[in-house]
2 protein chains.
Amino acid sequence: MEFVEGVLKRDDLEISDIQAGDYEGKDVCVKGNVHVIRNMGDIAFIILRKRQGQLQCVVDKKDLSIKEIHEEACLKVEGTVSKTDKAPNGFEILTKKIEIISKPKEPMVLPVGKWKMKTSLETKMSLRPIALRNIRERSKFKIQEGILRSFRDYLYSEGFTEITTPKINAKGAEGGSNLFRLEYFNKKAVLAQSPQFYKQMMVGVYERVFETGPVFRAEKHSTKRHLNEYMGLDFEMGFIDSFEDIMNVETGFLKYMVEFLKKDYQKELNILNVELPVIDKIPQVRFDEAKKLVSEKYNRKIKNPFDLEPEEEELIGKYFKEEYGSDFVFVTHYPSKKRPFYAMDDPEDETVTLSFDLLFRGIEITTGGQRIHDYDMLMKKIEARGMTSEGMEHYLMIFKYGMPPHGGLGLGLERLTMKLLGEENVRETSMFPRDLSRLEP
Amino acid sequence: MEFVEGVLKRDDLEISDIQAGDYEGKDVCVKGNVHVIRNMGDIAFIILRKRQGQLQCVVDKKDLSIKEIHEEACLKVEGTVSKTDKAPNGFEILTKKIEIISKPKEPMVLPVGKWKMKTSLETKMSLRPIALRNIRERSKFKIQEGILRSFRDYLYSEGFTEITTPKINAKGAEGGSNLFRLEYFNKKAVLAQSPQFYKQMMVGVYERVFETGPVFRAEKHSTKRHLNEYMGLDFEMGFIDSFEDIMNVETGFLKYMVEFLKKDYQKELNILNVELPVIDKIPQVRFDEAKKLVSEKYNRKIKNPFDLEPEEEELIGKYFKEEYGSDFVFVTHYPSKKRPFYAMDDPEDETVTLSFDLLFRGIEITTGGQRIHDYDMLMKKIEARGMTSEGMEHYLMIFKYGMPPHGGLGLGLERLTMKLLGEENVRETSMFPRDLSRLEP
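These numbers were taken from a predicted model, which means no experiment stands behind them. Along each chain, the written sequence defines residue order, and numbers are assigned to residues from 1. The lettering of chains begins at A and the numbering of ligands begins at 1, in the order of writing. Where local features are concerned, this predicted model is filtered to residues with pLDDT of at least 70; where side-chain atom pairs are given and counted, the filter is 80 or more; whole-chain, interface and lining totals use all residues. Side-chain calculation: all heavy atoms of the structure are included, whereas hydrogens and water are not.

1. Section: the packing of helix α5 (residues 196-206) of chain B against helix α11 (residues 393-400) of chain B
Residue and element names in this part refer to chain B.
So, point 1. Running from amino to carboxyl end, α5 crosses α11 at an angle of 30°, the nearest separation of the two axes being 10 Å. If you check the angle between α5 and α11, you find them roughly parallel. Read as a crossing pair, α5 and α11 show a hand that is left-handed. Here α5 contributes Phe 197, Gln 200 and Met 201 to the contact with α11, which in turn contributes His 394, Tyr 395, Ile 398 and Phe 399.
So, point 2. Partitioned by chemical class, the residues of the contact of α5 with α11 number five nonpolar, two polar and no charged. Orientation is described by axes fitted as lines to C-alpha atoms, over the contacting stretch for helices, and by angles from 0 to 180 degrees between their N-to-C directions. Segments assigned H or I by DSSP are reported as helices when at least four residues long, segments assigned E as strands when at least two residues long, and all are numbered from the N terminus. Orientation is classified from the angle alone, with under 35 degrees giving roughly parallel, over 145 giving roughly antiparallel, 65 to 115 giving roughly perpendicular, and any other angle giving oblique. It is the rotation of the near helix from the far one that decides the hand of a crossing: anticlockwise by less than a right angle makes it left-handed, clockwise makes it right-handed. We call two residues in contact whenever any of their non-hydrogen atoms come within 4.5 Å of each other. Residue classes follow a fixed rule: Ala, Val, Leu, Ile, Met, Phe, Trp, Tyr, Cys and Pro count as nonpolar, while Asp, Glu, Lys and Arg count as charged, and any other residue, Gly among them, counts as polar.

This is the structure:
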């Protein structure tokens, strides 16, 4: 009988293996995709793309032919390690033997080996699986991984439990027209536009919960900041004193995220020249106050008193950067009529809610707040809005059987990544974006 | 201007705070849901359910009335800490003051405060948001969290990159009839039945990738082992020498998982009396050989030579437990006709594939294997199967531009949890299961 022991045996080395060991002058074997070929007369440089970075192999063309080697071929290279400041990571391989493991069928369609591809967004999107092989492109999503990891790590450390809730739902959590609909074995179903109801249910179970998963919004507008499917980072917590508890957890996460990225993703931060925000404390301002401040400072008429226009968000961001040096600002007390039925109204002024948005460099990346936890209060609000409670029995059930004061938030991973990296279009920070016209790749 | 500093201020303590500090004889404040009330004449025990466990509060009814306190009410309790072996976690609170933060509207419908609820699966599912408040119920999903965390942790440490890929797709990865279909802005779309195509695309980018996310299968059968939406733990890796590399990574993960659960989830393992599998090395056996072995030992006719029936899987599990003491067994070289088009056939026998299933205690929890990485070979197989490559252009693109030998696997989180916990029905280990008849809660 043969057995699997759980140890991966490899005859090739990674960049970090060579950096960590005493390999100078020794023969090694490495593998990778041909990222770039630089032909220099008698000598050629073959740059392999490996998961940890680029690795330079020097080929003496008198000894070895490279005629059959093209960009994106997969190679096994044997040769001697030689230190040099001129190669990435401080060493190169003096090549003795090349084996082509896998050959591309066609010449490359995109200059993925270039530092900056200078390719249109449209082309990058159409050739997405290939375009992402570019070092700068893939670094974006490595940083996105770091954000995701730091979100989970921080919340674990704060006593949150990770939950996974269904994306095929009977009813939308926020209502409205932006629901994708499908047939579920002869029943009508929708795709989750938020895990809202489920995370509230789970507050009754674990008190503090979070989820990282896809959310779906059938919004019919095409902007630089909207995706129809995105990664939602959601948390919800019980026994809060006020919605400020939620803002404190988010601020704590953001501070942790910055330190986490500095520690484990410095390579990618350097590749993309990312300027991390300095987060000490984040200013908070009431919705109506924020409107007034930017109206006065930037001489702008308030058109819609119940919502923030994109331009207004931008100016609020600008204001708090200029006045307080902050890349972030919490805007609180949003009008009740613009918030979902489950939002807790302010007992001191029922036209506004105990809720907030977080703006980052002039764009909303989070909506959060306190929720109603009293059954009668919730039913009253549902009625006042002319809504039906039909199909919400399982959600309403939790309030019948005791719920603590609670609240939470949802954070869009792609938007946060976009603003962190200084990108202009959220499609740049979605691996495979979904928009009005884009269902592939 | 007010600022948010990122520090959560609480006036109440957690169980671990009290355990860690020097609180004996001191006054503290604690909060929680009323899990159980035990009325003993002059004295009452109110057991609070907190996220870290149960906390016993002793009330002298001569001093305090508990008439208004019902199960699942949310309380703020002030009192003196007193060590005792008779209370959970080794201490209780001698209650001085009780404040009711939130009142339930109705008496409890389920005995969630009982150790074992003895409620039918059907009732537990219908009242899921409440049923999960039971200590044993919620412990299951805490352990599930541990499995999920250990999967990610292990793969990070092995140099894998986490990816997030779209769940609304233009085409299914595995074809067949088990696709949920929806309308996507006047285009036909399906829900991802696997991240297969996307993770292969990303192998060209990061070499090693993984994803933890929902997968959707519109299978029309109702069994104890199938869900229509479940959490897929998927990974894919490049530059493999053979599909045994994949089995080694999975075995490495399973060993890590067991140690991780022992370290961080011992409390929940004890609550559920979980018997963790001992994993030293996992036997591997060829598909046809496995069939023969159980046919001989258990005197069973081989009915279908191309697939394993559930009963056969069970017997294979039994065989390897009896003969080798192993809870796991890799069954390799599945017939080509039963595997998807992208599976790599064995060059030594093209009727079988370089693939495997992992059985755990007699049930399949993983399907994996090596994939075809050569463009021409892939096109030939698509043609031989009478399939169309239409709609797969973005997938096929990666093979045109160079792909390393690679492979990967998909692991069902709920099934792994089910077998680990000794549950008989996979619905027990899905927070909110989706099946033929169940779309709610």
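2. Things to note about the interface of chain B and chain A
So, point 1. Contacts between chain B and chain A engage 127 residues on the former and 128 residues on the latter.
So, point 2. Buried surface at the junction of chain B and chain A, summed over both partners, amounts to about 11,100 Å²; 60% is from carbon and sulfur atoms.
So, point 3. As used here, buried area is the combined drop in accessible area, with a 1.4 Å probe, of two parts when they are placed together. Considering only the side of chain B, the residues that lose the most area to chain A are Val 4, Phe 239 and Tyr 401 of chain B, jointly responsible for 8% of the buried surface there.
So, point 4. For salt bridges, the criterion is a side-chain nitrogen of Lys or Arg within 4 Å of an Asp or Glu carboxyl oxygen. Summed over the shared surface of chain B and chain A, the result is ten salt bridges.
So, point 5. Across the pair Asp 376 of chain A and Lys 105 of chain B runs a salt bridge, and its minimum N-O distance is 2.8 Å.
So, point 6. The element contributing the most residues to the side of chain B that touches chain A is helix α4 (residues 135-157) of chain B, with ten residues.
So, point 7. Its residues assigned to classes, the side of chain B that touches chain A comprises 62 nonpolar, 24 polar and 41 charged.
So, point 8. When strand β13 (residues 282-286) of chain A meets strand β1 (residues 2-4) of chain B, the two strands line up antiparallel, connected through three bridges. Being paired, for any two strands, means DSSP has found at least two bridges between them.

3. A few points about the sheet that holds strand β4 (residues 53-60) of chain B
Residue and element names in this part refer to chain B.
So, point 1. Spatially, the five strands close up into a barrel ordered β2-β3-β4-β6-β5, and their pairing is mixed. Within the sheet, the average angular offset between the axes of one strand and its neighbour, ignoring direction, is 55°.
So, point 2. Direction of pairing for strand β2 (residues 27-40) relative to strand β5 (residues 74-83): antiparallel, over a ladder of seven bridges. Residue pairing in the sheet places Asp 27 in a bridge with Thr 80 of β5.
So, point 3. Packed onto the sheet, α4 meets β2, β3 (43-50) and β4 and runs at close to 20° relative to β3.

4. Some words on the sheet that holds strand β4 (residues 53-60) of chain A
Residue and element names in this part refer to chain A.
So, point 1. Around the barrel, which closes on itself, the five strands sit in the order β2-β3-β4-β6-β5 with mixed pairing between neighbours. Strand-to-strand twist in this sheet, taken as the mean axis angle between neighbours without regard to direction, amounts to 55°.
So, point 2. Set on the sheet, helix α4 (residues 135-157) makes contact with β2 (27-40), β3 (43-50) and β4; between it and β3 the angle comes to about 20°.

5. Looking at the environment of Gln 284 of chain B
So, point 1. Here Gln 284 of chain B is to be found in strand β13 (residues 282-286).
So, point 2. Setting aside residues no more than four positions away along its own chain, Gln 284 of chain B makes contact with Met 1, Glu 2, Phe 3 and Val 4 of chain A together with Glu 244, Met 247, Phe 330 and Thr 332 of chain B.

6. Section: the pattern of salt bridges
So, point 1. Across all of its chains, the model carries 97 salt bridges over all chains by this definition.
So, point 2. Among the ionic pairs, Arg 10 of chain A bridges to Glu 207 of chain B, the shortest N-O distance being 4.0 Å. Note that Arg 10 of chain A is positioned in the loop between β1 (2-4) and α1 (15-20) and Glu 207 of chain B in the loop between α5 and β11 (208-216), a pairing that runs across two chains.
So, point 3. The classification of residues rests on relative accessible area computed with a 1.4 Å probe and restricted to protein chains. Under 20% of the type maximum is buried, over 50% is exposed, and intermediate values are partly exposed. Classification of Arg 10 of chain A by relative accessible area gives partly exposed; the value is 22%.
So, point 4. Given the relative accessible area of 5%, Glu 207 of chain B is considered buried.
So, point 5. For the salt bridge of Glu 236 of chain B with Arg 371 of chain B, the shortest nitrogen-to-oxygen distance reads 2.7 Å. Taken as a pair, Glu 236 of chain B in strand β12 (residues 229-238) and Arg 371 of chain B in strand β18 (residues 363-371) lie far apart in primary sequence, 135 residues in all. Residues Glu 236 of chain B and Arg 371 of chain B agree in their burial class; the two are buried.

7. Things to note about the relation of the copies chain B and chain A
So, point 1. When the copies are overlaid, the least-squares fit takes in C-alpha atoms only where the residue has pLDDT of at least 70 in both copies. By a simple turn and slide, chain B fits onto chain A: the slide is 0.0 Å along the axis, the RMSD is 0.0 Å, and the turn is 180°. In the structure described here, the two chain copies are related by an operation that fits a two-fold rotation axis. Relative to the rotation axis, the C-alpha of Leu 182 of chain B is the closest in chain B, positioned 2.5 Å from it.
So, point 2. Most of the interface of chain B is mirrored in chain A, where 100% of its interface residues are also at the interface.

8. Considerations on unusual backbone geometry
So, point 1. Residue Pro 441 of chain A follows Glu 440 of chain A across a cis peptide bond; omega there is -10°.
So, point 2. Of note in this structure, Asn 89 of chain A is not a glycine but carries a positive phi near 65°.
So, point 3. Of note, Asn 89 of chain A is situated in the loop between β5 (74-83) and β6 (91-102).
So, point 4. The partly exposed category is assigned to Asn 89 of chain A, whose relative accessible area is 34%.
So, point 5. The residue Asn 186 of chain B is not glycine, and still its phi comes out positive at about 70°.
So, point 6. Classification of Asn 186 of chain B by relative accessible area gives exposed; the value is 74%.

9. Digging into the side chain of Arg 152 of chain B
So, point 1. The residue Arg 152 of chain B is located in helix α4 in this model.
So, point 2. Assessed through its relative accessible area of 4%, Arg 152 of chain B is described here as buried.

10. Remarks on helix α12 (residues 413-421) of chain B
All names here are of chain B.
So, point 1. Most of α12 is tucked away, with nine of its nine residues classed as buried.
So, point 2. Turning to α12, its buried residues are Leu 413, Glu 414, Arg 415, Leu 416, Thr 417, Met 418, Lys 419, Leu 420 and Leu 421.
So, point 3. Looking at the buried positions of α12, the neighbouring elements they touch are α4, β12, α6 (244-264), β17 (355-360), β18 and β19 (406-412).
So, point 4. Of the residues one or two after α12, Gly 422 is the one with positive phi, at around 75°.

11. Quick notes on the pairing of strand β17 (residues 355-360) of chain A
Residues and elements named next belong to chain A.
So, point 1. Among the six residues of β17, six are classified as buried, and the element is accordingly described as predominantly covered.
So, point 2. Neither face of β17 is open: one carries Ser 355, Asp 357 and Leu 359, the other Phe 356, Leu 358 and Phe 360, and all of them are buried.
So, point 3. In this sheet, β17 lies alongside strand β14 (residues 328-332) in antiparallel orientation, the contact comprising five bridges. What sits directly across from Val 331, in β17, is Asp 357.

12. Structural notes on the domain arrangement of chain A
So, point 1. Examined at the domain level, chain A breaks down into domain 1 (15-102) and domain 2 (135-429).
So, point 2. Domain limits in this description derive from either an automatic procedure or a database domain assignment. Summarising the inter-unit geometry, the C-alpha centres of domain 1 of chain A and domain 2 of chain A are found 46 Å apart.

13. A word on the UniProt feature "binding site: ATP" (unreviewed entry) in chain A
So, point 1. Summarizing the sequence annotation, UniProt attributes the feature "binding site: ATP" (unreviewed entry) to Arg 217, Ala 218, Glu 219, Arg 225, His 226, Leu 227, Glu 364, Gly 412, Leu 413, Glu 414 and Arg 415 of chain A in the numbering used throughout.
So, point 2. As for its placement among the helices and strands, Ala 218 of chain A is situated in the loop between β11 (208-216) and β12 (229-238).
So, point 3. In this view, Ala 218 of chain A contacts Asn 178, Leu 179, Phe 180 and Asn 228 of chain A together with Phe 185 of chain B; residues no more than four positions away in its chain are not counted.
So, point 4. Mapping Glu 414 of chain A onto the fold places it in helix α12 (residues 413-421). UniProt positions are given in the numbering used here, feature names are shortened, and annotations may be inferred rather than shown by experiment.

14. Some remarks on helix α9 (residues 310-324) of chain B
Residues and elements named next belong to chain B.
So, point 1. Here a helix's expected span is defined as the number of its residues, less one, multiplied by 1.5 Å. Taking 1.5 Å as the rise per residue, α9 with 15 residues should run 21 Å; its terminal C-alpha atoms sit 21 Å apart, in good agreement.
So, point 2. Within α9 the residues assigned to the buried category are Glu 312, Glu 313, Leu 315, Ile 316, Gly 317, Tyr 319 and Phe 320.
So, point 3. One or two positions beyond α9, positive phi appears at Gly 325, with a value near 65°.

15. Notes on the packing of helix α10 (residues 375-384) of chain B against α11 of chain B
All names here are of chain B.
So, point 1. The contact between α10 and α11 brings their axes to 8 Å, and the two run at 145°. Mapping the contact onto sequence places Tyr 375, Leu 378, Met 379 and Ile 382 in α10 and Tyr 395, Leu 396, Phe 399 and Lys 400 in α11.
So, point 2. A per-class count over the contact of α10 with α11 returns seven nonpolar, no polar and one charged.

16. Quick word on the packing of aromatic side chains
Residues and elements named next belong to chain B.
So, point 1. Between the rings of Phe, Tyr and Trp (Trp by its six-membered ring), a pair exists once the centres lie within 6.5 Å; its type follows the angle of the planes, with under 30 degrees stacked, over 60 edge-to-face, and the other angles tilted. This structure, assessed with the given rule, holds 46 aromatic pairs over all chains.
So, point 2. When the ring of Tyr 156 is compared with that of Phe 210, the centres are 5.3 Å apart and the planes differ by 70°; the resulting orientation is edge-to-face. With Tyr 156 in helix α4 and Phe 210 in strand β11, this pair connects stretches of sequence that are 54 residues apart. Of the two residues, Tyr 156 and Phe 210, neither departs from the other in class, the shared state being buried.
So, point 3. Relative to Phe 320, the ring of Tyr 319 has its centre 5.1 Å away and its plane inclined at 65°; by these criteria the two rings are edge-to-face.

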